[in-house]
Amino acid sequence: MSDMLVVQDVSRGFGTGEARVEALRGVSLTAAAGELLAVRGRSGSGKTTLLNVVGGLDRPDAGRVVLDGADVTAMDDDGLLALRRGTVSYVFQSFGLVPILTARENVGVPLRLLEVDPAEREERVAEALEHVGLSGHVNQRPGELSGGQQQRVAIARALVARPRVLLADEPTGQLDSETGREIMTLIARLASEQRMTTLVTTHDPALLSIADRVLEMADGHLAPAAG
Ligand SMILES: Nc1ncnc2c1ncn2[C@@H]1O[C@H](COP(=O)(O)OP(=O)(O)OP(=O)(O)O)[C@@H](O)[C@H]1O
């Protein structure tokens, strides 16, 4: 099976002189379609930087990222924009929903950007909200939903454009442990059903058992987690 995601010897640093921080130091990794990888590591070890480089939100100083056969590191800004609208989706710790839009409208945003026609859009939005168990809350705004429900909306929004790769940065960080476990289980189920390659960063040891593989980031280096 060919790899959906290939990260080859990627380095990324910030700042200059004494303030220079090497966030990624020669990181390599491959993941197959449908694989769920968890990345753990202390605060500041480089996890977010890795997700940003993989998703084309940031460019590495050296190395290569290949997603679904396309070299992300060689893309111009238009290519990266298309990548972020189609191939890759993000879920953030802070949900990132638009407060004045309802759940249905929030989930519809990626399809509006892709100029999907309204009838198909409505259908796909309803389906995505149903997948995350929120069919009864489509007209509520984020402020009227619990944290777990807001994260479900964010997951529906991330999946509605049918990405090949899902990047989730501490998706359970603002949730209690029970809700966090539900959200991780949901991500794992959807990743498997939709054969999405999924990279999740988390500090929560209880959540790591759901992943196919656990990797450990330490001081900019990535390695299989011990134990
Ligand atoms: N835009 C930036 N400018 C300067 N330094 C940065 C920037 N982004 C990240 N860094 C530094 O790079 C290192 C890695 O940061 P990163 O956010 O990737 O860590 P992390 O493992 O995701 O941490 P956390 O678990 O706290 O989110 C840190 O030392 C951080 O201060």
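One can find the structure itself at the top, above this paragraph.
None of these values were measured; they are calculated from a predicted model.

A. Seen up close, helix 6 (residues 177-193). The end-to-end C-alpha distance of helix 6 is 24 Å, a good match for the 24 Å that 17 residues give at a rise of 1.5 Å each. Taken together, the buried positions of helix 6 are occupied by T179, G180, I183, M184, L186, I187, A188, L190 and A191. The opening residue of helix 6, the one whose side-chain oxygen lies 3.1 Å from the backbone nitrogen of E178, is D176. Positive phi shows up at R195, right after helix 6, with a value of about 50°.

B. Representation of the side chain of Q150. Checked against the element boundaries, Q150 lands in helix 5 (residues 147-159). Not counting residues up to four positions away in its chain, the partners in contact with Q150 are F95, L97, P142 and L145.

C. Local environment of the nonpolar core. With 38 residues, the main nonpolar core has V107, L129, V132, V153, I155 and L166 as its most contacted residues. Put simply, the parts of the chain that give this core at least two residues each are strand 3 (36-40), helix 3 (103-113), helix 4 (118-131), helix 5, strand 7 (165-169), helix 6 and helix 7 (205-208). In terms of residues, this core owes the most to one element, helix 6, which gives seven residues. If we skip the residues at most four places from it in the chain, L166 touches S89, V91, A158, L159, I187, M196, T197, T198 and L199. Counting residues in each nonpolar core, the second largest holds 29 residues, with M4, V7, L50 and L83 among its members.

Criteria and cut-off values
- Residues numbered from 1 in each chain as written.
- Predicted model: local features only at pLDDT ≥ 70, side-chain atom pairs only at ≥ 80, totals over all residues.
- Heavy atoms only, no water.
- Helix = DSSP H or I, 4+ residues; strand = E, 2+ residues; numbered from the N terminus.
- Expected span 1.5 Å × (residues − 1).
- Buried < 20%, exposed > 50% of the residue type's maximum accessible area, 1.4 Å probe, protein only.
- Polar contact = N/O pair within 3.5 Å; in protein donor to acceptor, adjacent residues only side chain to side chain.
- Contact = heavy atoms within 4.5 Å.
- Core = buried A, V, L, I, M, F, W, Y, C linked by side-chain atoms within 4.5 Å.

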